[in-house]
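What the coordinates show
One letter stands for each residue in the lines below.
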Amino acid sequence: GESVGLHLPTLSVQEGDNSIINCAYSNSASDYFIWYKQESGKGPQFIIDIRSNMDKRQGQRVTVLLNKTVKHLSLQIAATQPGDSAVYFCAETFSGNTGKLIFGQGTTLQVKP
Amino acid sequence: DTGVSQDPRHKITKRGQNVTFRCDPISEHNRLYWYRQTLGQGPEFLTYFQNEAQLEKSRLLSDRFSAERPKGSFSTLEIQRTEQGDSAMYLCASSLGSGSVSNQPQHFGDGTRLSIL
């Protein structure tokens, strides 16, 4: 079946730099996307979401970009901090279904002090 | 704390035993989901409840698995005759929504880690 995929399994950045985590999706029917952060031993934590009628959404230190033409999603983290170290997942779903999420493999973000 | 609560956090059991996990969703959330996550992978959908009705089950949910949400509040997931391959993190999530309402973000609990000896 179709699934969401992330481009890089691991991303290493210097503290204070900006981070960009990428995700490609293949289901053109998907219209709702969520980024989650998962720390070791914990459940996924909601970061930010975006619907397909938008191409950009900003939160606190985070921005999600959606490019429906190439089916690409990215999460930008400004001024990355050690506390941002975690595994990041993008997830997709579409209207008319039960809301079940399809997750990608995840990207591990390592922040170097 | 008004987030999603799961119990127990860890469960170690011998192969062949039955186990039951509990999930308490965010109180006003009518949608409840169970997912399974193995090491290094993203969560995989198992089943979905809207209020007390179980409306979707994944093919991952074999007949050894059963889930309930009797009063539309907490939910239980039972695995009978556990197998080595059942070892995983079992995650519960909840959200608000209905057929006519756009999807809302799902909020996850910290999961139950199941280890089968």
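Residues numbered from 1 in each chain as written. Chains lettered and ligands numbered in written order. Predicted model: local features only at pLDDT ≥ 70, side-chain atom pairs only at ≥ 80, totals over all residues. Heavy atoms only, no water.

This part covers the interface of chain A and chain B. Across the boundary between the two partners, chain A contributes 23 residues, which contact 22 residues of chain B. Buried surface at the junction of chain A and chain B, summed over both partners, amounts to about 1,700 Å²; 49% is from carbon and sulfur atoms. Its salt-bridge partner being K100 of chain A, residue E56 of chain B comes within 2.5 Å of it at the nearest N-O pair. Viewed at the interface, chain B and chain A are joined by ten residue pairs in polar contact (both at pLDDT 80 or more). Residue assignment for the side of chain A that touches chain B shows that the elements contributing at least two residues are β4 (32-38), β5 (45-51) and β9 (86-93) of chain A. Of the residues that constitute the side of chain A that touches chain B, the class distribution is nine nonpolar, ten polar and four charged. (Contact = heavy atoms within 4.5 Å. Buried area = accessible area lost by both parts, 1.4 Å probe. Salt bridge = Lys/Arg side-chain N within 4 Å of Asp/Glu carboxyl O. Polar contact = N/O pair within 3.5 Å; in protein donor to acceptor, adjacent residues only side chain to side chain. Helix = DSSP H or I, 4+ residues; strand = E, 2+ residues; numbered from the N terminus. Nonpolar A, V, L, I, M, F, W, Y, C, P; charged D, E, K, R; others polar.)

Right, let's get into the nonpolar core. Ranked by size, the top nonpolar core spans 20 residues in total, and within it W35, L73, L75, Y88 and L109 of chain A carry the most contacts. Looking at this core, the elements that each hand over two or more residues are β2 (10-14), β3 (19-24), β4, β5, β7 (62-67), β8 (72-77), β9 and β11 (107-112) of chain A. Sequence-distant contacts of L109 of chain A, that is, excluding residues within four places in its chain, are made with L11, V13, S19, I77, T80, D84, S85, A86 and Y88 of chain A. If you look at the next biggest cluster of nonpolar residues, it comprises 19 residues, including V4, L46, L77 and Y90 of chain B. (Core = buried A, V, L, I, M, F, W, Y, C linked by side-chain atoms within 4.5 Å. Buried < 20%, exposed > 50% of the residue type's maximum accessible area, 1.4 Å probe, protein only.)

Now for the sheet that holds strand β3 (residues 19-24) of chain B. Residue and element names in this part refer to chain B. As summarised here, the arrangement of the four strands in space is β1-β3-β8-β7, forming an open sheet in which the pairing is antiparallel. The two strands at the open ends of the sheet, each matched to only one other strand, are β1 (5-7) and β7 (65-68). If you compare each strand with its neighbour and ignore which way they point, the axes differ by 15 degrees on average. In this structure, β1 lies alongside β3, joined through three bridges in antiparallel fashion. (Pairing = 2+ DSSP bridges. Axes fitted to C-alpha atoms, helices over the stretch in contact; angles between N-to-C directions.)

This part takes up the layout of surface pockets. Its volume calculated, the second largest pocket comes out at about 400 Å³. If you trace the second largest pocket, you find 21 residues lining it, with Q38 of chain A together with Q37, T38, L39 and G40 of chain B closest to the centre. The leading source of residues in the lining of the second largest pocket is β9 of chain A, at three residues. Tallied by class, the residues present in the lining of the second largest pocket amount to seven nonpolar, eleven polar and three charged. (1 Å grid on protein atoms, 1.4 Å probe; cavity = no way out; pocket = protein on both sides within 12 Å on 5 of 7 lines; lining within 4 Å. Points joined across faces, edges and corners; volume = space filled by probe spheres on them.)

This brings us to empty space enclosed by the protein. One pass over the full model with this rule turns up one cavity of 30 Å³ or more. Size it by volume and the largest cavity reaches roughly 40 Å³. Along its surface, the largest cavity is lined by Y32, I34, T93, G99 and L101 of chain A together with R31, Y33, S95, N103, Q104 and Q106 of chain B. Elements with a minimum of two residues in the lining of the largest cavity: β4 of chain A together with β4 (31-37) of chain B. In terms of residue class, the lining of the largest cavity is built from four nonpolar, six polar and one charged.

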